[in-house]
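Overview (structure and organization)
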Amino acid sequence: MCGIIGYVGYENAVPIILEGLKKLEYRGYDSAGIAVCGRDGFDVVKQKGRLDALEARLEAAPLSGHMGIGHTRWATHGEPSDANSHPHVGSRSKIAVVHNGIIENYQRLKARLEQKGIRFASQTDSEVVAQLAETCYDGDIMETVVKAVGRLEGSYALGIMCLDRPDTLIAVKKDNPLIIGVAAHGLFIASDVPAVLRHTNLVYYLNDGEIAVLNKDGARFYSLDREPLQKHPETVTWSLDSAEKGGYPHFMLKEIMEQPKVLRDTVQSAVSGEAKAAADSLDPARFDKIVMTACGSAYNAGVAARYVFEKLCRVPVEVELASEFRYKDAIIGEKTLVILISQSGETADTIAAMREANAKGAVTLSIVNAVGSTVAKETAHTIYTLAGPEIAVATTKAFSAQLALLYMLAISFAYKLGRLSETERDALTDEMKALPGKAEALLGRTDEIQHCAAGCIAYKSIFFIGRNVDYAIALEGSLKLKEISYIHSEAYAGGELKHGTISLIEDNTLVVALSNCERLAPKIMSNAEQVASRGARVLFVGSCAPAEMGDRMSVIRLPAAHELFSPSLSVVALQLFSYYVAANKGLDIDKPRNLAKSVTVE
């Protein structure tokens, strides 16, 4: 969601903050702003739209100062506008705030503050924090922060400046990510590591209910009871180059192309590295069922993995949307393994689902890409996907890493449960080891996939169909297309076409038919013929597509792979297809409208 960057140190804060905001654009935003502590008070510039508009205003009227905060806003309360942009400053111009999250009781707080004569300049919930902090302020900024956040309900990551303390930057968090970066020339607060990586790879991860007090010489940490805390910095192991485009026109294409390496690293970790050690710490015999919960693409990874777990392990598996799991009073307990899948480890609904599972005594395991994230820290077991930083809003390589880890976990569990012999386990592992090479070969055929995408600009709707694991990956293909191309798309189980969906088929509708299950190939061919007879065009994607097909049909033929693991190849083709459809439309692929990389609010 929103991006936060703050700096206090020896250099001019403005260019540092602007640079940091650019590194946070992938989080999604509709406006941006910056405030610095100047000689005569806070200097604030806020602008609806992209960062280049903010940058143009700053070039026309430059600001400078050694402490400042910046923000990219994804609107929740109040429309995108200059006034609703952050930072927000209290009525007395004493305190400036940037905020990520949602203040759930802001209306009650705002009403009380208005009764005291305080006038609000925006429609946001976030401005309440600045106004409330000013009413609490008595000269002690730490005490002010403690009092103010004690009255907040909801979630927040806050960066706070006080005019009376022009050398002190305050950070505090609850249910939203915030890190502290330490460089030779100063200190940072940020929503994510890429914002500070040009300056430092040494970071502290704030936990909920912790306050960081920063000045140019160092950081001190406290609990909300003002008790000093001892924290130790961690070293970020990936380089800044990992968060750059590397010559590609978009981050999404770069990250698609990185998938063979990601698959190799992930499989290797599962065979003989940290992922194997984490998997070995789990005894599947103690569980009578497995529940996977996640949001968006991570949920689709769970749907695909369910087929693999049930086929290999013969254990019942449920897959739940995290946004529903948290409210359904799930029937889980100490004999349930709850697997939480998340790229960022900060998705609000997934965090809530995790805490629900922990409270009910289930064993929790996270499949997560972000070290130090909330989900990683609060689950009993964690396996990291090793995808590296993923900048494009639409996930690609992180999804592939999630799938690979879930496959490998299923193989491990099945062997421990006696469902697989050692020979069978090794054969399946060899199938996994072959996937990176097959993905690499597929990525060498981008021209073919680009040609298939070239004629798809005019479609108003594109449907994806499949059966078994092909249906699971059809869900992800459809989601990827609608995310970045803005073409209406839905995915259906092939057998459900006749139960309503086929009424949507009309002349020149495109139906993408996934076909990687040899035993089901005749079934999906029958579905394709049914829609083609009603005027649809059919694009087969798979290794089992028919050798002969009608004149309304075409194919992207995939390398042969084990049926259970075929989604790892199908998704690469579908990602490229979606990318080229969006590219042909000239869209902002890395930053699709209204979307955010990490959904940290409900």
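Now for a description of the structure that goes with this document. (Residues numbered from 1 in each chain as written. Predicted model: local features only at pLDDT ≥ 70, side-chain atom pairs only at ≥ 80, totals over all residues. Heavy atoms only, no water.)

Things to note about the overall build of the chain
- For the chain, the helix and strand inventory stands at 18 helices and 25 strands.
- Taken over C-alpha atoms, the radius of gyration comes to 25 Å for the chain, in line with the 25 Å a tight globule of 602 residues would show.
- The principal-axis extent of the C-alpha atoms belonging to the chain is close to 75 × 55 × 45 Å.
- Residue pairs in contact within the chain that sit at least 24 positions apart in sequence constitute 72% of those at least 6 positions apart. (Helix = DSSP H or I, 4+ residues; strand = E, 2+ residues; numbered from the N terminus. Rg over C-alpha atoms; globule rule 2.2 N^0.38 Å. Contact = heavy atoms within 4.5 Å.)

A few points about the side chain of Ser 191
- Topologically, Ser 191 is positioned in the loop between β10 (186-190) and β11 (202-205).
- Residue Ser 191 is classed as buried on the basis of its relative accessible area of 4%.
- At 2.8 Å, the side chain of Ser 191 forms a polar contact with the backbone nitrogen of Ile 4. (Buried < 20%, exposed > 50% of the residue type's maximum accessible area, 1.4 Å probe, protein only. Polar contact = N/O pair within 3.5 Å; in protein donor to acceptor, adjacent residues only side chain to side chain.)

Regarding the packing of aromatic side chains
- A full pass over the atoms with the stated rule returns 6 aromatic pairs.
- Ring centres 5.2 Å apart and planes at 55° place the aromatic pair Tyr 7 and Phe 188 in the tilted group. Residue Tyr 7 is found in strand β1 (residues 3-9), and its partner Phe 188 is found in strand β10; the two are separated by 181 residues along the sequence. The burial state of Tyr 7 is the same as that of Phe 188; both residues are buried.
- Look at Tyr 407 and Phe 565: their rings are 5.0 Å apart centre to centre, the planes differ by 45°, and that puts the pair in the tilted class. (Phe/Tyr/Trp six-rings, centres within 6.5 Å; stacked < 30°, edge-to-face > 60°.)

Notes on unusual backbone geometry
- Residue Pro 87 is bonded to the preceding His 86 through a cis peptide linkage, with omega at 0°.
- Topologically, Pro 87 is positioned in the loop between β4 (67-73) and β5 (88-89).
- Backbone geometry at Ser 93 places phi at a positive 55°, although glycine is not the residue there.
- Locating Ser 93 in the fold gives a position in the loop between β5 and β6 (95-103).
- For Tyr 486, which is not glycine, the phi dihedral falls at a positive 65°.
- Among the secondary structure elements, Tyr 486 is positioned in the loop between α16 (469-485) and β22 (488-493).

Brief notes about helix α17 (residues 521-532)
- When the terminal C-alpha atoms of α17 are compared, their 16 Å separation across 12 residues agrees well with the 16 Å that a helix rising 1.5 Å per residue should span.
- Every buried residue of α17 is accounted for by Ala 521, Ile 524, Met 525, Asn 527, Ala 528, Gln 530, Val 531 and Ala 532.
- Each element contacted by the buried residues of α17 is listed here: β21 (461-466), β23 (510-514), β24 (537-542) and β25 (553-557). (Expected span 1.5 Å × (residues − 1).)

Quick notes on the side chain of Asn 300
- For Asn 300, the position within the fold is in helix α9 (residues 296-313).
- Accessibility expressed as a relative area gives 6% for Asn 300, which makes it buried.
- Within the structure, Asn 300 has its side chain in polar contact with the side chain of Glu 476 (distance 2.9 Å).
- Other than its neighbours up to four places away in sequence, Asn 300 contacts Phe 399, Leu 475, Glu 476 and Leu 479.

Description of the pairing of β22
- One ladder, built from 6 bridges, connects β21 with β22; its direction is parallel. Residue pairing for β22: Ile 465 is matched across the bridge by Tyr 492.
- Handedness of the β-α-β unit built from β21, α16 and β22 comes out right-handed. (Pairing = 2+ DSSP bridges. Right-handed = clockwise from strand over helix to strand, strands pointing away.)

Structural notes on the packing of α9 against α16
- Across the interface, α9 lies against α16 with an axial gap of 8 Å and an inter-helix angle of 170°. When the axes of α9 and α16 are compared, the pair comes out roughly antiparallel. Contacts from Gly 296, Ser 297, Asn 300, Val 303, Ala 304 and Tyr 307 of α9 reach α16 at Val 469, Tyr 471, Ala 472, Leu 475, Glu 476, Leu 479 and Lys 480.
- Broken down by class, the residue content of the contact of α9 with α16 amounts to 8 nonpolar, 3 polar and 2 charged. (Axes fitted to C-alpha atoms, helices over the stretch in contact; angles between N-to-C directions. Parallel < 35°, antiparallel > 145°, perpendicular 65-115°, else oblique. Nonpolar A, V, L, I, M, F, W, Y, C, P; charged D, E, K, R; others polar.)

Things to note about the nonpolar core
- Among the nonpolar cores identified, the biggest contains 93 residues, and Met 292, Phe 309 and Ile 339 are the most heavily contacted of them.
- Here the element with the most residues in this core is helix α13 (residues 397-416); it accounts for 12 residues.
- When residues no more than four places from it in sequence are discounted, the contact partners of Ile 339 are Ile 290, Val 291, Met 292, Thr 293, Phe 309, Leu 365, Ile 367, Leu 406 and Leu 409.
- In terms of nonpolar packing, the next biggest core, distinct from the first, is built from 31 residues, Val 97, Ile 103, Tyr 137 and Ile 211 among them. (Core = buried A, V, L, I, M, F, W, Y, C linked by side-chain atoms within 4.5 Å.)

Observations concerning the sheet that holds β25
- Here we have 5 strands laid out as an open sheet, ordered β22-β21-β23-β24-β25, and parallel in their pairing. Across the chains shown, the open sheet's two edge strands, defined by having one partner strand only, are β22 and β25. Each neighbouring strand pair of the sheet contributes to a mean axis angle of 20°, computed without reference to strand direction.
- Across 4 bridges, β21 lies against β23 in parallel orientation. Note that in β23 the partner of Phe 464 across the bridge is Val 512.
- Most of the contacts of helix α15 (residues 446-454) go to β25, to which it runs at about 150°, and overall it touches β24 and β25.
- Strand contacts of helix α18 (residues 567-584): β21, β23, β24 and β25, with the helix running at about 160° to β23, the strand carrying the most contacts.

Quick word on the sheet that holds β10
- Spatial strand order, β3-β2-β4-β1-β10-β9-β11-β15: 8 strands in an open sheet with antiparallel pairing. Of all strands in the sheet, those bounded by a partner on one side alone are β3 (41-48) and β15 (234-235).
- In this sheet, β15 lies alongside β11 in antiparallel orientation, the contact comprising 2 bridges. By the bridge assignment, Leu 202 is partnered in β15 with Thr 235.
- Those strands touched by helix α1 (residues 13-23) are β1, β2 (31-38), β4 and β10, and its axis lies near 25° from that of β4.
- Lying on the sheet, helix α2 (residues 51-60) is in contact with β2, β3 and β4; it crosses β3 at an angle near 140°.

What to know about the pattern of salt bridges
- All told, the structure shown has 30 salt bridges when counted by the stated rule.
- Lys 480 serves as the salt-bridge partner of Glu 476, at 2.9 Å between the closest nitrogen and oxygen. Pair noted here: Glu 476 and Lys 480 are both in helix α16, with a separation of 4 residues, about one helical turn.
- Judged by its relative accessible area of 1%, Lys 480 is buried.
- The shortest N-O distance in the salt bridge between Glu 483 and Lys 480 comes to 3.1 Å. (Salt bridge = Lys/Arg side-chain N within 4 Å of Asp/Glu carboxyl O.)

Some thoughts on the environment of Asn 215
- One can find Asn 215 in strand β12 (residues 210-215).
- Linking Asn 215 and Met 432, residues 217 residues apart in sequence, is a C-alpha distance of 50 Å.
- Among the polar contacts listed, one links the side chain of Asn 215 to the backbone nitrogen of Asp 217, at a separation of 2.9 Å.

Notes on the environment of Gly 586
- By the secondary structure assignment, Gly 586 is in the segment after α18.
- Given the relative accessible area of 63%, Gly 586 is considered exposed.
- Considering only alpha carbons, one finds Gly 586 and Ser 485, 101 residues apart in sequence, at a separation of 9.3 Å.

Without other data, these values stay purely geometric and don't point to any function.
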